[in-house]
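# Descriptive structure summary
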Amino acid sequence: MARVRLNVAERREELLKATVEQIEIRGASSVRIADVASALGVSNALVLYHFSTKEKLVAAAFGYAAEADLAHLRKLLARRTSAVRRLRAAVRWYAPTGQAKGWRLWIEGWAASLREPALREVAGDLDRRWKAELAEVIAEGAAAGEFRCEDPESAAWRLTALLDGLAVQMTSYAGPLSRSTMLRWTDDALARELGLDHAALTG
């Protein structure tokens, strides 16, 4: 059966999707150009035409997947409701409470970025943008008088650091925490950062 001819943008997206899938199966360090090519039934040369090295391909695939998560975060934070409600929805969605597929990719990216400058640059940029999105809404809520937070940027760093750590425990070590416990800890951390009690956060 003849393959459908794709334009450049469509082909790159197809390659990135396949690379994400292969990273999830094999890990960022072990995935090869040949694995991606084989999954799509194309030549290694075609993959290398669009991404000149494996390192660039993996970095682009990681960015592709993470951008989708970032877009969802922005959607949650753009809702027409209070800053408190938007922040709680975003932080609870970010928490590793069963949707481990995305977290596995992030953890793979963190590990591989220790040795891959291209991936480290992409991952670092995405991480800063996540924190900036949360900090912006924290600052907005503080300015509106919903809560008190003197340093929104530091609050965003502390929140994401907690969630990243929980993700490693739950994803890498199959931690014994229940979903309800993790979400309660998430709410508690957010309440502390915003200077609210639990009832004010969840009410």
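Summarised in this report is the structure supplied together with it. (Residues numbered from 1 in each chain as written. Predicted model: local features only at pLDDT ≥ 70, side-chain atom pairs only at ≥ 80, totals over all residues. Heavy atoms only, no water.)

## A few points about the overall build of the protein chain
Our working rule: Working definition: helices are DSSP H or I runs of at least four residues, strands are E runs of at least two. Numbering for both runs from the N terminus. Only protein chains enter the accessibility calculation, which uses a 1.4 Å probe; a residue whose area is less than 20% of its type maximum is buried, one above 50% is exposed, and one in between is partly exposed. Residue contacts are counted whenever heavy atoms from the two residues lie within 4.5 Å of one another.
Counting its regular elements, the protein chain contains ten helices and zero strands. Reading the secondary structure of the protein chain in the N-to-C direction produces α-α-α-α-α-α-α-α-α-α. For the protein chain, the C-alpha atoms occupy an extent of roughly 60 × 35 × 35 Å along the three principal directions. Considering the protein chain as a whole, with its 203 residues, one finds that 41% of them fall into the buried category. Of the contacts formed within the protein chain by residues at least 6 apart in sequence, a portion of 65% connects residues at least 24 apart.

## Some words on the packing of aromatic side chains
To be explicit about the condition: Stacked, edge-to-face and tilted labels apply to pairs of Phe, Tyr and Trp rings (six-membered ring for Trp) whose centres lie within 6.5 Å, assigned for plane angles under 30 degrees, over 60, and everything in between, in that order. Any Lys NZ or Arg CZ that is within 6 Å of a ring centre and within 35 degrees of that ring's normal is treated as a charge sitting over the ring.
By the definition in use, this model includes seven aromatic pairs. Between tyrosine 94 and tryptophan 103, the ring centres sit 5.2 Å apart and the planes meet at 85°, which makes this aromatic pair edge-to-face. Ring pairs connect the aromatic residues Phe62, Trp93, Tyr94, Trp103, Trp106, Trp110 and Trp130, which therefore count as one cluster. The ring of tryptophan 157 carries lysine 131 above its face, with NZ or CZ at 4.6 Å from the centroid.

## Quick look at helix α4 (residues 54–77)
Note: α-helices contain 3.6 residues per turn, so residues at a spacing of three or four share the same orientation. Stated precisely, the cut-off is as follows: Each helix should span, by expectation, one fewer than its residue count multiplied by 1.5 Å.
With 24 residues, α4 should reach 34 Å at 1.5 Å per residue; the first-to-last C-alpha distance of 35 Å fits that figure. For α4, every residue scored as buried is listed here: Leu57, Val58, Ala59, Ala61, Phe62, Gly63, Ala65, Ala66, Leu70, Leu73, Leu76 and Leu77.

## Topic: the nonpolar core
What counts here: Here the nonpolar core consists of buried residues drawn from Ala, Val, Leu, Ile, Met, Phe, Trp, Tyr and Cys, with membership extended through side-chain atoms lying within 4.5 Å.
In this structure, Leu87, Ile138 and Phe147 are the most contacted members of the largest nonpolar core, which totals 56 residues. For this core, the secondary-structure elements that each account for two or more residues are α1 (8–26), α2 (33–40), α4, α5 (83–94), α6 (100–113), α7 (117–143), α8 (152–172) and α9 (179–194). Sort the elements by how many residues they give to this core and α4 lands first, with ten residues.

## Topic: the environment of phenylalanine 62
Mapping phenylalanine 62 onto the fold places it in helix α4. Distance in space between the C-alpha atoms of phenylalanine 62 and leucine 48 is 17 Å, their sequence separation being 14 residues. Ignoring anything within four residues of it in the chain, the contact list for phenylalanine 62 reads Leu105, Trp106, Gly109, Leu119, Val122, Ala123 and Leu126.

## Here we look at the environment of aspartate 69
Position of aspartate 69 relative to the elements: it lies in helix α4. Under the relative-accessibility criterion, aspartate 69 is labelled partly exposed at 24%. Placed 132 residues apart in sequence, aspartate 69 and leucine 201 show a C-alpha to C-alpha distance of 24 Å. Non-local contacts of aspartate 69, meaning those with residues more than four positions away in its chain, are made with Trp93, Trp106 and Trp130.

## Looking at the pattern of salt bridges
For clarity, the threshold we go by: Put simply, a salt bridge is a Lys or Arg side-chain nitrogen that is within 4 Å of an Asp or Glu carboxyl oxygen.
Following the criterion strictly, the structure yields twelve salt bridges and no others. Arginine 32 is the partner of aspartate 35 in a salt bridge, and the nearest nitrogen-oxygen pair spans 2.9 Å. Residue aspartate 125 is joined to arginine 129 by a salt bridge in which the shortest nitrogen-to-oxygen separation is 3.3 Å. One end of the pair, aspartate 125, and the other, arginine 129, are both in helix α7, four residues apart, so they sit about a helical turn from each other. When its relative accessible area of 24% is taken as the criterion, arginine 129 is described as partly exposed. Connected via shared salt-bridge partners are Arg26, Arg32 and Asp35.

## Topic: the packing of α4 against α5
Stated formally: A fitted line through C-alpha atoms serves as each axis, taken over the contacting stretch for helices, and the angle formed by two N-to-C directions is quoted from 0 to 180°. Roughly parallel means an angle under 35 degrees; roughly antiparallel, over 145; roughly perpendicular, 65 to 115; everything else is oblique. Crossings are classed by handedness, with left-handed meaning an anticlockwise turn of the near helix from the far one by less than a right angle and right-handed meaning a clockwise turn. When residues are sorted by character, Ala, Val, Leu, Ile, Met, Phe, Trp, Tyr, Cys and Pro go into the nonpolar class, Asp, Glu, Lys and Arg into the charged class, and all the rest, Gly among them, into the polar class.
Relative to each other, α4 and α5 sit at 155°, their axes nearing to 8 Å. In terms of orientation, α4 and α5 fall into the roughly antiparallel class. Here α4 and α5 pass one another in a crossing that is right-handed. Contacts between α4 and α5 involve Asp69, His72, Leu73, Leu76 and Leu77 from the first element and Arg86, Leu87, Ala89, Ala90 and Trp93 from the second. Its residues placed into classes, the contact of α4 with α5 shows seven nonpolar, one polar and two charged.

Take it as geometry only, folks, not as evidence of what the structure does.
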